[in-house]
Amino acid sequence: MVGAKQANLIDGQGGLALRHKAVFAGILFAVGLACYVSFQPSQIWILLLTACIALFASFSSDLRENNSILDKTTSAVLPVMGIFASGLFIRTQFSGYESIVFSLAVGFFGGLIIFLQGKASSENLKWQPQIRFLFWLITYPVAFSLFHYIEDLEMQLPLTSVACGLVVFILGFEIYRMRANNDYVLFLLCLVSAFTIAQLRLVLFFFPIDPLFLSALILIGFYATTGLIARFDSSGRKVLAVLEYSVITAIAVTALFIFWS
């Protein structure tokens with residue numbers, strides 16, 4: 001009986017089972033985020049350490065054999081950036097016990113992402129497309145949190161544009177990694193997306209816009225750019241893809257202006 005319980009705690013490679021890795025990672029994320037938002041003055045090294053834990057957890061949860069370092073690194077983009085963005089957003093938007101509660105919730109949700117990411121690395125998983133779609137959706141609130149934090153820093157325009165482009169470039173690896181044919185194409189798609197959003201941020205400088213509203217506009221541009229590039233690269237209906245995302249972008253921007261006014 002004891003031997004059976006011990007066997008359930010380990011995977012086929014002699015390590016902890018995926019679900020136990022995810023639980024342990026979630027606890028570390030929750031503790032790390034809670035410490036980061038609680039310590040006064042702010043200790044950024046705590047958040048960076050928690051993001052490093054997310055990187056290690058993502059690497060260890062990958063069930064694919066003979067996976068390259070580049071593949072493992074691109075798979076870790078969402079957990080690492082998600083933890084980092086969540087900590088910054090909670091720190092700037094909440095305080096007191098509220099920030100602790102959100103930190104704990106986000107930390108354990110991060111553990112769930114690690115678990116789902118490990119499951120998605122198995123080619124035999126029935127729900128793999130649905131999990132990939134969930135990761136794709138999560139990428140956009142992560143991007144919004146980072147865009148908003150960049151605007152709060154009130155850096156000079158060139159640095160702000162470069163920072164927004166860098167965020168898009170990194171998150172692009174999560175969006176395009178299952179669509180690109182090879183590493184060169186993946187890098188190129190991320191670079192084009194980053195350049196487009198950096199240009200958009202330069203253009204928006206000439207409009208007197210609230211930082212939160214500005215972050216939402218950049219997010220819409222990020223969604224339209226990445227969605228259109230992904231569809232344009234894989235779909236034969238290129239004109240239809242352009243029309244589709246043009247309409248979606250127009251509706252989103254109109255709704256944002258109506259809500260804000």
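Draft legend 1. Local environment of helix H7 (residues 128-153). An ideal rise of 1.5 Å per residue puts 38 Å on 26 residues; H7 measures up with 38 Å between its terminal C-alpha atoms. Once H7 finishes, Glu154 follows within two positions and takes phi at roughly 55°, a positive value.

Draft legend 2. Local environment of the nonpolar core. If you look at the biggest cluster of nonpolar residues, it comprises 58 residues, and the most contacted ones within it are Val142, Phe147, Leu171, Tyr176 and Phe222. Of all elements in the fold, only helix H2 (18-38), helix H3 (44-61), helix H5 (77-93), helix H6 (96-120), H7, helix H8 (157-176), helix H9 (183-204) and helix H10 (211-234) reach the threshold of two or more residues within this core. No other element matches H7, which puts eleven residues into this core. Excluding residues that lie within four positions of it along the chain, Phe147 makes contacts with Cys164, Val167, Val168, Ser215, Ile218, Leu219 and Phe222.

Draft legend 3. A look at unusual backbone geometry. Residue Gln40 is joined to Pro41 through a cis peptide bond whose omega torsion reads -5°. Mapped onto the fold, Pro41 is located in the loop between H2 and H3. The phi dihedral of Glu154 is positive, around 55°, even though this residue is not glycine. Structurally, Glu154 is set in the loop between H7 and H8. Take Glu154: its relative accessible area is 70%, and that puts it in the exposed class.

Draft legend 4. Focus on the confidence of the model for the protein. Per-chain confidence: the protein averages 83 in pLDDT, with 86% of residues scoring 70 or above. The model gives residues 1-10 a pLDDT under 50, and that stretch makes ten contacts with residues more than four places away or in other chains.

Draft legend 5. Just the packing of H5 against H7, in detail. Remark: H5 packs on H7, axes separated minimally by 9 Å, with the N-to-C direction vectors making an angle of 45°. Between H5 and H7, the crossing angle belongs to the class labelled oblique. H7 is crossed by H5, and the crossing has left-handed handedness. Residue-level contacts link Leu78, Met81, Gly82, Phe84, Ala85, Leu88, Phe89, Thr92 and Gln93 of H5 to Phe135, Ile138, Thr139, Val142, Phe144, Ser145, Leu146, His148, Tyr149 and Asp152 of H7. When the residues that make up the contact of H5 with H7 are grouped by side-chain class, the tally is twelve nonpolar, six polar and one charged.

The rules behind each value
Residues numbered from 1 in each chain as written. Predicted model: local features only at pLDDT ≥ 70, side-chain atom pairs only at ≥ 80, totals over all residues. Heavy atoms only, no water. Helix = DSSP H or I, 4+ residues; strand = E, 2+ residues; numbered from the N terminus. Expected span 1.5 Å × (residues − 1). Core = buried A, V, L, I, M, F, W, Y, C linked by side-chain atoms within 4.5 Å. Buried < 20%, exposed > 50% of the residue type's maximum accessible area, 1.4 Å probe, protein only. Contact = heavy atoms within 4.5 Å. pLDDT = per-residue confidence, 0-100. Axes fitted to C-alpha atoms, helices over the stretch in contact; angles between N-to-C directions. Parallel < 35°, antiparallel > 145°, perpendicular 65-115°, else oblique. Left-handed = near helix turned anticlockwise from the far one by under 90°. Nonpolar A, V, L, I, M, F, W, Y, C, P; charged D, E, K, R; others polar.

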